[in-house]
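# A closer look at the structure
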Amino acid sequence: MSGLLHDKNILVMGAANQRSIAWSIAEAVHREGGRVALTYQAERLKGRVTRLADELGGAPMIECDVADDDAVRRAVDRLAETMPVLHGVVHSIAWAPAEDLQGSFVETTRTGFAQANDISSYSLIAVAREARRLMTEGGAVVTMTYAGSWRVIPNYNVMGPAKASLESSVRYLAADLGPAGVRVNAVSAGPIATVAARTIKDFSGMLDLLESHTPLRRNVTADEVADAAVFLLSDLARAITGEVVHVDAGAHAVT
């Protein structure tokens with residue numbers, strides 16, 4: 001078997017450690033025959049991502065600060081040196097100030113709201129705008145969202161509106177990039193015990209509750225989310241765009 005992504009070039013953004021969803025996606029892309037490039041945010045994180053790149057046989061690494069349009073442009077320019085044609089982008093990036101993930105949502109600061117939306121939502125637009133230069137054969141963009149976009153999740157706070165913005169951006173980007181053969185979709189994953197998720201208050205209680213209430217009576221794994229991302233990146237999903245695919249053991253259907 002050659003794999004679903006045989007000979008496809010895929011940029012994976014957000015693989016900060018081995019427990020991140022982005023890393024599971026990178027591994028799945030590699031398993032399915034794709035060539036992976038990884039990004040890292042700053043020099044202090046380079047060593048950590050280098051170790052991940054080595055596990056993929058020395059995947060190219062590109063520094064990219066998604067809060068800076070010029071940095072995004074430079075990152076894609078550098079990516080073009082090793083991947084002149086890009087077939088897919090995985091955007092697994094989200095951030096909000098810690099203080100805006102505490103207490104009441106009504107206390108969200110103006111600055112925190114802007115930062116959460118800039119990093120977690122607008123960055124998808126910035127990346128898609130530059131990446132399309134290399135997507136001359138069409139391709140797919142996949143981002144990560146969560147149910148907090150459409151329902152209140154305790155302690156998720158400012159990230160809820162940011163994810164709602166992200167999902168709306170998916171639809172608008174799908175309409176814009178579709179004529180060039182570029183599809184844009186999101187995966188709405190159930191809660192997974194990543195390093196970032198552990199910062200949410202009472203996260204373990206959320207996992208316990210969902211395990212007893214989802215139709216499948218369990219939580220999902222990063223590997224299951226990665227498999228869905230691989231599907232959306234592959235030609236099997238060639239007619240799917242502007243979609244939010246739930247990988248949450250059915251939680252969205254009953255909550």
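Look up: the structure comes first, before these words.
So, here is what we can say about the structure in this document.

What counts, and at which threshold
Residues numbered from 1 in each chain as written. Predicted model: local features only at pLDDT ≥ 70, side-chain atom pairs only at ≥ 80, totals over all residues. Heavy atoms only, no water. Helix = DSSP H or I, 4+ residues; strand = E, 2+ residues; numbered from the N terminus. Rg over C-alpha atoms; globule rule 2.2 N^0.38 Å. Buried < 20%, exposed > 50% of the residue type's maximum accessible area, 1.4 Å probe, protein only. Contact = heavy atoms within 4.5 Å. Polar contact = N/O pair within 3.5 Å; in protein donor to acceptor, adjacent residues only side chain to side chain. Pairing = 2+ DSSP bridges. Axes fitted to C-alpha atoms, helices over the stretch in contact; angles between N-to-C directions. Patch = residues over 30% accessible without salt bridge, like charges linked within 9 Å, V, L, I, M, F, W, Y side chains within 5 Å. Areas by Shrake-Rupley, 256 points an atom, 1.4 Å probe, with all protein chains shown as cover. Salt bridge = Lys/Arg side-chain N within 4 Å of Asp/Glu carboxyl O. Parallel < 35°, antiparallel > 145°, perpendicular 65-115°, else oblique. Left-handed = near helix turned anticlockwise from the far one by under 90°. 1 Å grid on protein atoms, 1.4 Å probe; cavity = no way out; pocket = protein on both sides within 12 Å on 5 of 7 lines; lining within 4 Å. Points joined across faces, edges and corners; volume = space filled by probe spheres on them. Nonpolar A, V, L, I, M, F, W, Y, C, P; charged D, E, K, R; others polar.

### Quick look at the overall build of the protein
Helix and strand counts for the protein come out as 8 helices and 7 strands. Over its C-alpha atoms the protein spans a radius of gyration of 17 Å, differing by no more than 12% from the 18 Å that the globule rule assigns to 255 residues. Considering only C-alpha atoms, the protein reaches an extent of 45 × 40 × 35 Å along its principal axes. Buried positions account for 52% of the 255 residues belonging to the protein. Across the protein, the fraction of contacts at a sequence separation of at least 24, relative to all contacts at a separation of at least 6, is 74%.

### What to know about the side chain of serine 234
Structurally, serine 234 can be placed in the loop between helix H7 (222-233) and strand E7 (244-247). Within the structure, serine 234 has its side chain in polar contact with the backbone oxygen of phenylalanine 231 (distance 2.8 Å). Look past the residues within four positions of serine 234 in its chain and what remains in contact with it is Leu4, Leu5 and Arg183.

### Concerning the sheet that holds strand E1 (residues 9-13)
Here we have 7 strands laid out as an open sheet, ordered E3-E2-E1-E4-E5-E6-E7, and parallel in their pairing. Lying at the two open borders of the sheet, with one neighbouring strand each, are strand E3 (61-63) and E7. Strand-to-strand twist in this sheet, taken as the mean axis angle between neighbours without regard to direction, amounts to 20 degrees. Helix-sheet contacts for H7 involve E1, strand E4 (88-91), strand E5 (139-145), strand E6 (182-189) and E7, and the interaxial angle to E6 is about 165 degrees.

### Notes on a nonpolar patch on the surface
A cluster of nonpolar side chains, namely Leu4, Phe231 and Leu236, defines an oily patch on the protein surface of about 270 Å² accessible area. In this fold, leucine 236 is placed in the loop between H7 and E7. Judged by relative accessible area, leucine 236 falls into the exposed class, the value being 55%.

### Details of the environment of alanine 175
On the secondary structure map, alanine 175 appears in helix H5 (residues 159-177). Residues alanine 175 and glycine 242 lie 67 residues apart in sequence; the distance between their C-alpha atoms is 7.5 Å.

### Notes on the side chain of threonine 214
Its place among the elements puts threonine 214 in the loop between helix H6 (203-213) and H7. Residue classification places threonine 214 among the buried residues on the basis of a relative accessible area of 1%. Setting aside anything within four residues of it in sequence, one finds threonine 214 in contact with Asp248, Ala249 and Ala251.

### Comments concerning the packing of helix H4 (residues 110-131) against H5
H5 packs onto H4 with a crossing angle of 20 degrees between their chain directions and a minimal axis gap of 9 Å. By the angle between their axes, H4 is roughly parallel relative to H5. Every pair of crossing elements has a handedness; the one defined by H4 and H5 is right-handed. In contact with Phe113, Ala116, Asn117, Ser120, Ser121, Leu124, Ile125 and Ala128 of H4, H5 contributes Met159, Pro161, Ala162, Ser165, Leu166, Ser169, Val170, Leu173 and Leu177.

### A closer look at empty space enclosed by the protein
Going through the model one piece at a time under the given rule, you end up with 2 cavities of 30 Å³ or more. Estimates place the volume of the largest cavity at around 60 Å³. Of all elements in the fold, only E1 and helix H3 (69-82) reach the threshold of two or more residues within the lining of the largest cavity. Considering every element that reaches the lining of the largest cavity, the biggest residue donor is H3, with 4 residues. Partitioning the lining of the largest cavity into residue classes produces 9 nonpolar, 1 polar and no charged. Looking at the second largest cavity, its volume works out to about 40 Å³.

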